[in-house]
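Observations on chain architecture
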Amino acid sequence: MGDGIPVDKIRNLSVKKTIILYMAVSLVCSFLLSAVIVKIASRKQEQIWWKYVDQDIYFRAVNGEEEEIPYYRAEIPRPPSMDMSRMDLEISELCDFLQTYTILILSVMGSCVSVILFYRHKLKIPLAELEQASGRIAQNDLDFQIAYENQDEMGRLCQEFERMRGQLARNNQEMWKMIEEERALRAAISHDIRSPLSVLKGYQEMLIDFLPDGTIDTPKAMEMVSESMKQIERMDTFVETMRKMSSLEQRKFRFSQMTAEELKNDIQAELAVLGVDKEKHVVLDVAGSSESFRGDKEVILEVAENLLSNALRYAKEKVDIKINVTYSELRVCVRDDGNGFEEEDFKVTERFHQQNMKDSLKHAGMGMYISRLYCEKHGGNLLLENGETKGAVVTAIFRRIV
């Protein structure tokens, strides 16, 4: 552990501090190596010059016996170039060159090496990651992740790039979801408008052909007119559903305080408006703490109405409604004794979902979708399941909005 900490610190240094560190280390190494080379070159040069020095005079000068050569000047003199051999002359000149330019050459080389190492260790990997990522994004391939994890400027840049990639992936998924929903919308419009129009057209053609010559009796004509009215009501319901659906996402919630007793009275009023079939028994059970719940009452009642209407449509004899109110959460649970759900949850809450063909005559298949959307916008969710014995159980959960 102790050995890895300095490495991690160096790896996570900022780009500015890293390049300063690399340059400082390279210059120190260059100066030390230059000093060693200069020292070696100086000694080698003195060895060559020593061959051409009168050693008796040199030692007398060192001992102070030679008055013409003071002691402090008793150093090996440079012999004339013509006295040295060609090899010794070339080596001596090379030593002169090394003593003069070694520090400059090694400093430049050290700086170049430090820049190369800095690029390799600090820039090469993240730049390669970013280049590869940008290429894949250009090809509309968002199924990848940027793995560079250093906590420096390049690491933060890679993290931002990864965040952008993730956002693009989510936007792409949303776009495809919108495309699929648009396809479903077009299919629903085509089906729910064309079918009643075809029926209306057929009835009108029959009335035009047979009514003038009296080949069709009045009861039969009235039956056709009655069926035509049903198709008109079907189209009116569909148009109203389309209008309502277009405003779901933009709807602004209006939050207020509500108690369990207030919700009980409102639900009972909804039951009266729905005109519950006498053959189906509805049991309402409202429980909760003394504390009030903060939420959008209109949205909650609309979801409760959707769930109740759906349960009454499929129930055989009985529908149970249980509402639980607390300070932080409100639950509306509707249970019927019908056949339950035959499909997966996500299909039931899709737009225009209808479990059987009879549903399409009066219902556009939007109730469960709207309920799920409102629950999610209210911080909760919509739970669908089948009861232990029979029937469907739908629970709408709303959470307190602060």
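Relevant structure appears above.
Rules behind the numbers
- Residues numbered from 1 in each chain as written.
- Predicted model: local features only at pLDDT ≥ 70, side-chain atom pairs only at ≥ 80, totals over all residues.
- Heavy atoms only, no water.
- Helix = DSSP H or I, 4+ residues; strand = E, 2+ residues; numbered from the N terminus.
- Buried < 20%, exposed > 50% of the residue type's maximum accessible area, 1.4 Å probe, protein only.
- Contact = heavy atoms within 4.5 Å.
- Areas by Shrake-Rupley, 256 points an atom, 1.4 Å probe, with all protein chains shown as cover.
- Core = buried A, V, L, I, M, F, W, Y, C linked by side-chain atoms within 4.5 Å.
- Pairing = 2+ DSSP bridges.
- Axes fitted to C-alpha atoms, helices over the stretch in contact; angles between N-to-C directions.
- Salt bridge = Lys/Arg side-chain N within 4 Å of Asp/Glu carboxyl O.
- Expected span 1.5 Å × (residues − 1).
- Polar contact = N/O pair within 3.5 Å; in protein donor to acceptor, adjacent residues only side chain to side chain.
- Phe/Tyr/Trp six-rings, centres within 6.5 Å; stacked < 30°, edge-to-face > 60°.
- Parallel < 35°, antiparallel > 145°, perpendicular 65-115°, else oblique.
- Left-handed = near helix turned anticlockwise from the far one by under 90°.
- Nonpolar A, V, L, I, M, F, W, Y, C, P; charged D, E, K, R; others polar.

Before going further, it helps to spend a moment on the overall build of the protein chain. Helix and strand content of the protein chain: eleven helices and seven strands. Classification of the 402 residues of the protein chain by burial places 33% in the buried group. The contacts in the protein chain between residues at least 6 apart in sequence include a share of 69% that link residues at least 24 apart. Of the roughly 25,800 Å² that the protein chain leaves accessible, carbon and sulfur atoms contribute 56%.

Counting 39 residues, the largest nonpolar core has Val319, Leu330 and Phe398 as its most contacted members. Mapped onto this core, the elements with two or more residues apiece are helix H7 (260-274), strand S2 (281-288), helix H8 (297-314), strand S4 (318-325), strand S5 (329-336), helix H11 (367-377), strand S6 (381-386) and strand S7 (392-399). Counting residues per element, this core draws most heavily on H8, which supplies nine residues. The contacts of Val319, once residues within four sequence positions are left out, are His281, Val282, Val283, Leu308, Ala311, Leu312, Val334, Arg335 and Asp336. Phe118, Leu123, Leu130 and Cys158 belong to the second largest nonpolar core, which has eleven residues in total.

The next thing to look at is the pairing of S7. Across the eight residues that make up S7, a large majority, seven, are buried. Of the pairings in the sheet, the one linking S5 to S7 comprises seven bridges and is antiparallel in character. Pairing of Leu330 across the sheet is with Phe398, part of S7. Summarising the sheet, S6 and S7 pair through six bridges and their orientation is antiparallel. Bridge pairing in S7 places Asn386 opposite Ala392. If you look at the hairpin formed by S6 and S7, you'll find five residues sitting between the two strands, and Gly391 has a positive phi there, around 90°.

Here the focus is the sheet that holds S6. Pairing is mixed across the open sheet formed by five strands, whose spatial order is S2-S4-S5-S7-S6. Of all strands in the sheet, those with a lone pairing partner are S2 and S6, marking the two edges. With direction set aside, neighbouring strand axes in the sheet form an average angle of 10°. Here H8 sits on the sheet in contact with S2, S4, S5, S6 and S7, set at roughly 15° to S5.

With that out of the way, let us pick up the pattern of salt bridges. Between side chains of opposite charge, a pair can form as their charged atoms come close. Evaluated as defined, the whole model comprises 13 salt bridges. In this structure, Lys297 and Asp266 form a salt bridge, with 3.5 Å as the shortest nitrogen-oxygen distance. Linking Lys297 in helix H8 with Asp266 in helix H7, this pair joins segments that are 31 residues apart in sequence. As a salt-bridge pair, Glu329 and Arg331 come within 2.8 Å of each other at their nearest N and O atoms. Judged by relative accessible area, Arg331 falls into the partly exposed class, the value being 32%.

In this section: H8. Across its 18 residues, H8 extends 26 Å between first and last C-alpha, which sits within 8% of the 26 Å expected from 1.5 Å per residue. Listing the buried residues of H8 in full gives Val299, Ile300, Leu301, Glu302, Val303, Ala304, Asn306, Leu307, Leu308, Asn310, Ala311 and Leu312. Where H8 starts, the residue carrying a side-chain oxygen 3.1 Å from the main-chain nitrogen of Glu298 turns out to be Asp296.

Next up on the list: the packing of aromatic side chains. Throughout the structure, instances matching the rule amount to two aromatic pairs. On the numbers, 6.2 Å between centres and 80° between planes, the contact of Tyr22 with Phe118 is edge-to-face. Of the two residues, Tyr22 sits in helix H2 (residues 15-50) while Phe118 sits in helix H4 (residues 86-138), which places them 96 residues apart along the sequence. Grouping residues by exposure puts Tyr22 and Phe118 together as buried. When the centroid spacing of 5.0 Å and the interplanar angle of 40° are considered together, the rings of Phe97 and Tyr101 count as tilted. Of the two residues, Phe97 and Tyr101 both sit in helix H4, four residues apart, roughly one turn of that helix.

Moving on, we come to the packing of H8 against H11. It is at 9 Å that the axes of H8 and H11 come closest, and there the two elements cross at 150°. In terms of their interaxial angle, H8 and H11 are classed as roughly antiparallel. In this structure, the crossing between H8 and H11 has a hand that is left-handed. Contact with H8, carried on its side by Val299, Glu302, Val303, Asn306, Leu307 and Asn310, involves Gly367, Met368, Ile370, Ser371, Tyr374 and Cys375 of H11 and no other residues of that element. Of the residues belonging to the contact of H8 with H11, the class tally is seven nonpolar, four polar and one charged.

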